[in-house]
Amino acid sequence: MKRRKLGTSDLLVSEIGLGCMSLGTDYPKGQAVIESALEEGINYFDTADLYDFGENEKIVGKALKNVREQVVIATKAGNRWTDTKDSWTWDPSKAYIKEAVKQSLKRLNTDYIDLYQLHGGTIEDNIDETIEAFEELKDEGYIKYYGISSIRPNVIREYAKKSSIVSVMMQYSILDRSPEEESLPLLQDKNISVVTRGTVAKGMLSDRMLEKAASKGYLDYSYDQLAEVLPLLKQKVASSRSLAEVAIQYNLAHPAVASVVAGASTPEQIRENARAASSASLSSEEVNLIKSITKANKYDQHR
């Protein structure tokens, strides 16, 4: 498994990362998935304090304890569960982040977090205060580096300008090319890496295609448009390999992208993701062909 440097950090992350949200709460099953990931050369594991009320972090920490120095653990903060645990509220305050990191460290059973990410963000936040919290956590040794998880270009711009983030996690795929207009060029210019999620677009960019498509469509695509675009992608650029491989290689073809974070709930899904990452890279002609078949989605500052 190839690795790429994460922004200006000294972290080298596998081209496929494991999105741990889909591991579930059964430890033996989660452990089997994580161990399969390690066997495939995956070293980047992404979780969040929000997932399963913190249980996800416990599973990740326990499964990775014996290889802690060989892996990159990324987690997130900013969303806090209500007392009734039926919803959560947004809290990017310095006080909350500095308390949340201690709880994540305890659940992960580790002394430090490689990449600590703000789990969202709005332009109305006190961004300077949030940055101050992350910088202090770096100075105090609780975290090595920090980033944000956001799809909002206006928020991404502010952090790129004001902070020392090394990464931005964002939704990006062949069917959601909106980051290509501003966010990806900006981050590439600033040497801030992109970590992508949603790469197979809820399963539509797999060989199951329209089985996974909702009747209302997807983003700017109507169902009828998907029924035209997906088979065309399969025919033109994925005739000799899976559409999922093409989807993952499309993201990896962009120089701003360091890793594609993909979820998996079974070892076989891990192996499929690893095969996709190790398949042949797309040529510039194939990338341009994909762009000609799909559309650059509408650009929305607040979506």
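All values reported here derive from a predicted model rather than from experimental measurement.

Conventions we followed
Residues numbered from 1 in each chain as written. Predicted model: local features only at pLDDT ≥ 70, side-chain atom pairs only at ≥ 80, totals over all residues. Heavy atoms only, no water. Helix = DSSP H or I, 4+ residues; strand = E, 2+ residues; numbered from the N terminus. Rg over C-alpha atoms; globule rule 2.2 N^0.38 Å. Contact = heavy atoms within 4.5 Å. Areas by Shrake-Rupley, 256 points an atom, 1.4 Å probe, with all protein chains shown as cover. Lys, Arg positive; Asp, Glu negative; His and termini not counted. Charge placed at Lys NZ, Arg CZ, Asp CG, Glu CD. Buried < 20%, exposed > 50% of the residue type's maximum accessible area, 1.4 Å probe, protein only. Phe/Tyr/Trp six-rings, centres within 6.5 Å; stacked < 30°, edge-to-face > 60°. Lys NZ or Arg CZ within 6 Å of the ring centre and 35° of its normal. Salt bridge = Lys/Arg side-chain N within 4 Å of Asp/Glu carboxyl O. Core = buried A, V, L, I, M, F, W, Y, C linked by side-chain atoms within 4.5 Å. Axes fitted to C-alpha atoms, helices over the stretch in contact; angles between N-to-C directions. Parallel < 35°, antiparallel > 145°, perpendicular 65-115°, else oblique. Left-handed = near helix turned anticlockwise from the far one by under 90°. Nonpolar A, V, L, I, M, F, W, Y, C, P; charged D, E, K, R; others polar. Pairing = 2+ DSSP bridges. pLDDT = per-residue confidence, 0-100. Polar contact = N/O pair within 3.5 Å; in protein donor to acceptor, adjacent residues only side chain to side chain. Right-handed = clockwise from strand over helix to strand, strands pointing away.

### Notes on the overall build of the chain
Move 1: Check the secondary structure of the chain and you find 10 helices and 12 strands.
Move 2: By the compact-globule yardstick of 19 Å for 303 residues, the chain fits well, its C-alpha radius of gyration being 19 Å.
Move 3: Along the first, second and third principal axes, the C-alpha set of the chain runs to 50 × 40 × 40 Å.
Move 4: If you take every contact in the chain between residues at least 6 apart in sequence, the share linking residues at least 24 apart comes to 75%.
Move 5: Of the roughly 13,300 Å² of accessible surface on the chain, a fraction of 47% belongs to carbon and sulfur atoms.
Move 6: Looking at the chain, you have 39 positive and 44 negative side-chain charges, and the mean spots of the two groups are 2 Å apart.

### With respect to the side chain of E15
Move 1: Mapped onto the elements of the fold, E15 is located in the loop between β2 (12–14) and β3 (16–19).
Move 2: According to the relative accessible area criterion, E15 is buried, its value standing at 7%.
Move 3: The residues contacting E15, other than those within four sequence positions of it, are M1, K2, R4, L252, A258, S259, V260 and A277.

### Some words on the packing of aromatic side chains
Move 1: Tallying each qualifying case throughout the model produces 3 aromatic pairs.
Move 2: Summarising the aromatic geometry, the rings of Y172 and Y250 are spaced 6.1 Å apart at their centres and angled 45° between planes, so their arrangement reads as tilted. With Y172 in the loop between β10 (167–171) and α6 (183–190) and Y250 in helix α8 (residues 243–252), this pair connects stretches of sequence that are 78 residues apart.
Move 3: An aromatic cluster of three or more residues is present, and its members are Y116, F134 and Y146.
Move 4: Cation over ring: K62 sits above Y27, and NZ or CZ is 4.3 Å from the ring centre.
Move 5: Cation over ring: K295 sits above Y221, and NZ or CZ is 4.6 Å from the ring centre.

### Description of the pattern of salt bridges
Move 1: Tallying each qualifying case throughout the model produces 20 salt bridges.
Move 2: Note that K234 is salt-bridged to D207, the shortest N-O span being 3.2 Å. You can see K234 sitting in helix α7 (residues 223–237) and its partner D207 sitting in the loop between β11 (193–197) and α7, a full 27 residues away along the chain.
Move 3: The class of K234 is partly exposed, set by a relative accessible area of 22%.
Move 4: Residue D207 is classed as partly exposed on the basis of its relative accessible area, which comes to 44%.
Move 5: For E268, the salt bridge is made with R275, and the minimal N-O distance between the two is 3.3 Å.

### Observations concerning the nonpolar core
A general feature of soluble globular proteins is that nonpolar side chains tend to end up buried together.
Move 1: L18, F45, Y116, L175, L205 and L233 are the most contacted members of the largest nonpolar core, which has 78 residues in total.
Move 2: The next biggest cluster of nonpolar side chains, apart from the first, holds 13 residues, and it includes V72, V166, V195 and A258.

### Remarks on unusual backbone geometry
Move 1: In this structure, N191 is a non-glycine residue whose phi angle is positive, near 60°.
Move 2: Relative to the helices and strands, N191 is located in the loop between α6 and β11.
Move 3: You can call N191 partly exposed: its relative accessible area is 42%.

### Overview of the packing of helix α4 (residues 127–139) against helix α5 (residues 153–162)
Move 1: Their axes nearest at 11 Å, the elements α4 and α5 cross at an angle of 55°. With respect to α5, the element α4 is oriented oblique. Seen along the crossing, α4 lies across α5 with a hand that is right-handed. Note on element contacts: α5 touches α4 through E158, Y159 and K162, opposite I127, D128, T130 and I131.
Move 2: Across the contact of α4 with α5, the residue classes break down as 3 nonpolar, 1 polar and 3 charged.

### Considering the sheet that holds β3
Move 1: In spatial order, the strands read β3-β4-β5-β8-β9-β10-β11-β12; together these 8 strands close into a barrel with parallel pairing. Adjacent strand axes in the sheet meet at a mean angle of 30° when their direction is disregarded.
Move 2: Bridge count between strand β5 (residues 72–77) and strand β8 (residues 113–119): 4 bridges; the pairing is parallel. For A74, the partnering residue across the bridge sits in β8 and is L115.

### Description of the confidence of the model for the chain
Detailed reading of the predicted model is not advised wherever pLDDT is low.
Move 1: A residue-level look at the chain finds 98% of positions with pLDDT of 70 or above and a mean pLDDT of 93.
Move 2: Ignoring residues within four places in sequence, the model shows residues 299–303, a span with pLDDT below 50, making 18 contacts including any to other chains.

### Quick notes on the side chain of D125
Move 1: Within the secondary structure, D125 is located in the loop between β8 and α4.
Move 2: The buried charged residue D125 lacks any salt bridge, with R152 as its nearest oppositely charged partner at 7.3 Å.
Move 3: Within the structure, the side chain of D125 is placed 3.1 Å from the side chain of W90, a separation counted as a polar contact.
Move 4: Setting aside chain neighbours within four positions, we find D125 in contact with W90 and P92.

### Topic: the pairing of β8
Move 1: Counted residue by residue, β8 has 7 buried out of 7 residues, so it is predominantly covered.
Move 2: Note: β8 against strand β9 (residues 143–149), 6 bridges, orientation parallel. In the strand pairing of β9, Y116 is matched with Y146.
Move 3: In this fold, β8 hands off to α4, which returns the chain to β9; that crossover is right-handed.

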